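# Inside the fold
Each chain, letter by letter, is given below.
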Amino acid sequence: LTFNSTIAGLDTVTTVVAATTNLAKLVRNLSRPTGNVLASGPATCNGNTYFTTGVTSKTGDVLEYCLLATVAAGAATNLTGAVITDEVPPYTSYVPNSTTLNGTTLADEGGTTPLAGVNAGLEVNGPADPAGIIGVGQTATVTLQVSVQ
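What comes next concerns the included structure. (Residues numbered from 1 in each chain as written. Predicted model: local features only at pLDDT ≥ 70, side-chain atom pairs only at ≥ 80, totals over all residues. Heavy atoms only, no water.)

## Here's the deal with unusual backbone geometry
- One non-glycine residue with positive phi stands out, namely Asn 97, at about 60 degrees.
- Structurally, the position occupied by Asn 97 is in the loop between β9 (92-94) and β10 (100-101).
- The backbone phi angle of Asn 102 is positive, close to 50 degrees, even though this residue is not glycine.
- Structurally, the position occupied by Asn 102 is in the loop between β10 and β11 (104-105).
- For Asn 102, a relative accessible area of 24% corresponds to the partly exposed category. (Helix = DSSP H or I, 4+ residues; strand = E, 2+ residues; numbered from the N terminus. Buried < 20%, exposed > 50% of the residue type's maximum accessible area, 1.4 Å probe, protein only.)

Written out as structure tokens, the structure reads:
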């Protein structure tokens, strides 16, 4: 599972490992709710509303990303070896200690999010699954925050 944000600062999903796996990357502006007014594609993550596109920001705003990796309820098997890699978007800086997996705060690695490629990605799991496994019908939920430069 790989998320990427290298094409002109746009976030794109670059790898899906199975037809029964869905990847989503959502964002919301935590600093200015008005930055979410023009946004589209609302979706829920951890009980909060996030968006797929159109979130605006200014220097100093904090954006929160939500990455969801879901194995469909009708899948034949669990996803094993689940690792998400995602880079901090251009023109932003990572907010220290802001990465969570299924609601649990994770330690930073090398001064940045454990998702960053320099750290080889983050082994993820569904809430009821062991590390690296997303069970049938389960979702691994990762959040992180960045500050706009």
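Resuming the write-up.
## As for the pairing of strand β14 (residues 139-148)
- Most of β14 sits out of view: eight of its 10 residues are buried.
- When strand β6 (residues 62-71) meets β14, the two strands line up antiparallel, connected through nine bridges. Directly across from Ala 69, in β14, lies its bridge partner Ala 140.
- Two strands pair when backbone bridges link them, and β9 and β14 are joined in this way by three bridges, in the antiparallel orientation. Its bridge partner lying in β14, Ser 93 is registered against Ser 147.
- Bridging between β10 and β14 involves two bridges; their strand directions are antiparallel. For Thr 100, the partnering residue across the bridge sits in β14 and is Thr 143. (Pairing = 2+ DSSP bridges.)

## Examining the state of the cysteines
- Applying the stated criterion across every chain, the model contains one disulfide.
- Across the disulfide from Cys 45 sits Cys 66; the S-S distance is 1.9 Å. With the S-S dihedral at roughly 75 degrees, the linkage between Cys 45 and Cys 66 falls on the right-handed side. On the criterion of sequence distance, the pair formed by Cys 45 in strand β4 (residues 43-45) and Cys 66 in strand β6 is long-range, its members being 21 residues apart. Residues Cys 45 and Cys 66 agree in their burial class; the two are buried. (Disulfide = S-S within 2.5 Å.)

## Some remarks on the environment of Thr 77
- Here Thr 77 shows up in the loop between β6 and β7 (79-80).
- By relative accessible area, which is 54% here, Thr 77 ends up exposed.
- Excluding its chain neighbours within four sequence positions, the residues that come into contact with Thr 77 are Val 71 and Val 136. (Contact = heavy atoms within 4.5 Å.)

## Side note on the nonpolar core
- If you look at the biggest cluster of nonpolar residues, it comprises 26 residues, and the most contacted ones within it are Leu 63, Leu 115, Val 124, Ile 134, Val 142 and Leu 144.
- Mapped by element, the contributors of at least two residues to this core are β3 (21-29), β6 and β14.
- Of all hydrophobic cores here, the second largest spans six residues; its members include Leu 26, Cys 45, Tyr 50 and Cys 66. (Core = buried A, V, L, I, M, F, W, Y, C linked by side-chain atoms within 4.5 Å.)

## Thoughts on the pattern of salt bridges
- Taken as a whole, this structure holds three salt bridges when the rule is applied.
- In this structure, Lys 25 and Asp 86 form a salt bridge, with 2.7 Å as the shortest nitrogen-oxygen distance. Of the two residues, Lys 25 sits in strand β3 while Asp 86 sits in the loop between β8 (83-84) and β9, which places them 61 residues apart along the sequence.
- When its relative accessible area of 3% is taken as the criterion, Asp 86 is described as buried. (Salt bridge = Lys/Arg side-chain N within 4 Å of Asp/Glu carboxyl O.)

## Considerations on the environment of Ser 31
- Locating Ser 31 in the fold gives a position in the loop between β3 and β4.
- In this structure the C-alpha to C-alpha distance between Ser 31 and Lys 58, which are 27 residues apart in sequence, comes to 9.4 Å.
- The contact partners of Ser 31, leaving out residues within four places of it in the chain, are Gly 60, Asp 61 and Val 62.
- At 2.7 Å, the side chain of Ser 31 and the backbone nitrogen of Val 62 are in polar contact. (Polar contact = N/O pair within 3.5 Å; in protein donor to acceptor, adjacent residues only side chain to side chain.)

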